[in-house]
Amino acid sequence: DYALVHTGQHYDQVMSGNFFEQLNIPKPNANLNSGGGTQAEQTASIMINFEKYLNGHSTDLVLVVGDVNSTMACAITARKLQIKVAHVEAGIRSNDLGMPEEINRLITDSVSNYFFTTSEVANLNLRASGYTSDQIFFVGNCMIDTLLANRSRFSKPPLWDEIGLKSKGYFIMTLHRPANVDELSTLKELMNELVLNTQDLPLVFPVHPRTKKMLSELDIEHERVYMVEPMSYLEFNFLVERSFAVVTDSGGITEETTVMGVPCLTLRDNTERPETVSVGTNRLVGTNPKNIAAMMKLLFNGDWKKGGIPELWDGKAASRIVKKLLEL
């Protein structure tokens with residue numbers, strides 16, 4: 001048997017509620033309501049509330065996913081109660097300790113008993129840390145399970161008709177990492193370079209709350225830039241699948257663009273998902289806005305790589321995980 005615990009880390013309707021509804025995720029058995037506050041307050045709240053939950057509910061194993069504060073907090077809490085932990089998406093590394101997620105990954109993996117991985121690169125990272133083959137299981141990518149299971153259900157957002165978008169005739173972009181949005185001068189230069197080098201194509205920009213705050217101070221407006229509210233999963237991926245290309249600093253989106261065969265320009269100096277670059281459609285642009293022009297030239301000249309799909313990104317990762325859990 002299993003229980004689904006929602007920590008509440010992502011607590012607004014767009015970032016949480018819609019996902020449960022749209023993706024048919026079962027109603028959680030418990031919600032720890034640990035959203036908001038600083039990262040330390042949030043982590044502490046999750047640990048306190050998850051410990052209470054575990055003390056009231058006997059369990060053999062805690063399965064944690066990804067690299068958010070919830071992942072680390074629940075892994076530490078379970079292990080201190082002598083409960084085994086399995087980490088899904090284990091072993092991925094950006095080698096950039098300026099990213100909060102990298103700290104979460106390192107700590108989670110350091111206390112976990114079992115590791116479910118998305119790539120051979122992740123396997124190598126874990127072996128280099130001293131973990132053995134009876135702990136590491138290469139199963140594929142659960143995010144791609146979700147993508148493939150819901151691809152036929154992608155839904156056209158109202159703005160498609162409102163602004164007259166056409167398939168392969170626009171960019172979609174997301175920005176939220178501190179290196180790109182916390183310095184007003186950097187954010188302004190990024191936006192200027194993007195407008196300058198995207199020819200006459202619209203830029204659809206669902207704005208993360210963190211980025212929205214900074215953009216409001218810059219007063220950036222351009223007739224081709226459409227800043228919109230964050231979108232639901234099914235609507236956002238409808239736009240991604242039909243876009244000319246994606247500009248992002250998100251790791252997860254680079255996985256989805258790789259499977260959908262959409263060119264992806266990542267505004268980062270590193271990635272914890274190198275297979276999206278070595279196999280997929282992703283290229284690292286870096287955080288220097290001046291790099292954008294050369295990458296856009298490649299794109300518009302038709303010289304972007306076609307890309308392929310990494311091994312085991314076939315929509316069956318979850319069933320492999322369940323099978324292995326039953327064995328364990």
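Just above sits the structure.
Model, not experiment: these values are computed from the prediction.

What follows deals with helix 9 (residues 184-197). Given 3.6 residues per turn, any residue in an α-helix points the same way as the ones three and four places further on. With 14 residues, helix 9 extends 20 Å from end C-alpha to end C-alpha; this agrees with the ideal 20 Å at 1.5 Å per step. Restricting attention to buried positions, one finds in helix 9 the residues T186, L187, L190, M191, E193, L194, V195 and N197. Residue Q199 follows helix 9 closely and has a positive phi angle near 50°.

For the rest of this paragraph, the subject is unusual backbone geometry. Positioned with a positive phi, E89 is a non-glycine residue whose angle comes to about 75°. Looking at the element boundaries, E89 is found in the loop between strand 4 (84-88) and helix 4 (100-111). On the basis of relative accessibility, which here comes to 8%, the residue E89 falls in the buried class. Positioned with a positive phi, N95 is a non-glycine residue whose angle comes to about 60°.

Our next topic: the layout of surface pockets. Taken as a whole, the second largest pocket spans an internal volume of roughly 150 Å³. Taken together, V207, K212, L215, S216, D219, I220, E221, H222, V225 and M227 make up the lining of the second largest pocket. Among the secondary structure elements, those contributing two or more residues to the lining of the second largest pocket are helix 10 (209-218) and strand 9 (225-228). Ranked by the residues each element gives to the lining of the second largest pocket, the list is headed by helix 10, at three residues. Split by residue class, the lining of the second largest pocket holds five nonpolar, two polar and three charged.

Here we come to the pairing of strand 4. By the criterion of burial, strand 4 is predominantly enclosed, with four of the five residues buried. Alignment of strand 3 (residues 61-65) against strand 4, held across five bridges, turns out to be parallel. In the sheet register, V62 faces strand 4, and the bridge partner there is V85. Handedness of the crossover joining strand 3 and strand 4 through helix 3 (residues 69-80) is recorded here as right-handed.

What follows covers the pairing of strand 9. Relative to strand 9, strand 8 (residues 203-206) runs parallel, the two being bridged by four bridges. Residue pairing across strands places F205 opposite M227, the latter belonging to strand 9. In this fold, strand 8 hands off to helix 10, which returns the chain to strand 9; that crossover is right-handed.

Mapped onto the fold, F116 is located in strand 5 (residues 114-117). On the basis of relative accessibility, which here comes to 1%, the residue F116 falls in the buried class. Once residues lying within four places of it in the same chain are set aside, the contact partners of F116 are L63, A86, H87, V88, E89, A90, F137, V139, I321, K324 and L325.

One open sheet accounts for six strands, arranged 9-8-7-10-11-12; its pairing is parallel. Edge strands, defined here as strands with exactly one partner in the open sheet, are strand 9 and strand 12 (282-284). The mean inter-strand angle of the sheet, taken between neighbouring strand axes irrespective of direction, is 20°. Here strand 7 (residues 171-173) runs beside strand 10 (residues 245-248); their pairing, made up of three bridges, is parallel. Paired with F171 across the strands is A245, a residue of strand 10.

Rules and cut-offs
- Residues numbered from 1 in each chain as written.
- Predicted model: local features only at pLDDT ≥ 70, side-chain atom pairs only at ≥ 80, totals over all residues.
- Heavy atoms only, no water.
- Helix = DSSP H or I, 4+ residues; strand = E, 2+ residues; numbered from the N terminus.
- Expected span 1.5 Å × (residues − 1).
- Buried < 20%, exposed > 50% of the residue type's maximum accessible area, 1.4 Å probe, protein only.
- 1 Å grid on protein atoms, 1.4 Å probe; cavity = no way out; pocket = protein on both sides within 12 Å on 5 of 7 lines; lining within 4 Å.
- Points joined across faces, edges and corners; volume = space filled by probe spheres on them.
- Nonpolar A, V, L, I, M, F, W, Y, C, P; charged D, E, K, R; others polar.
- Pairing = 2+ DSSP bridges.
- Right-handed = clockwise from strand over helix to strand, strands pointing away.
- Contact = heavy atoms within 4.5 Å.
- Axes fitted to C-alpha atoms, helices over the stretch in contact; angles between N-to-C directions.

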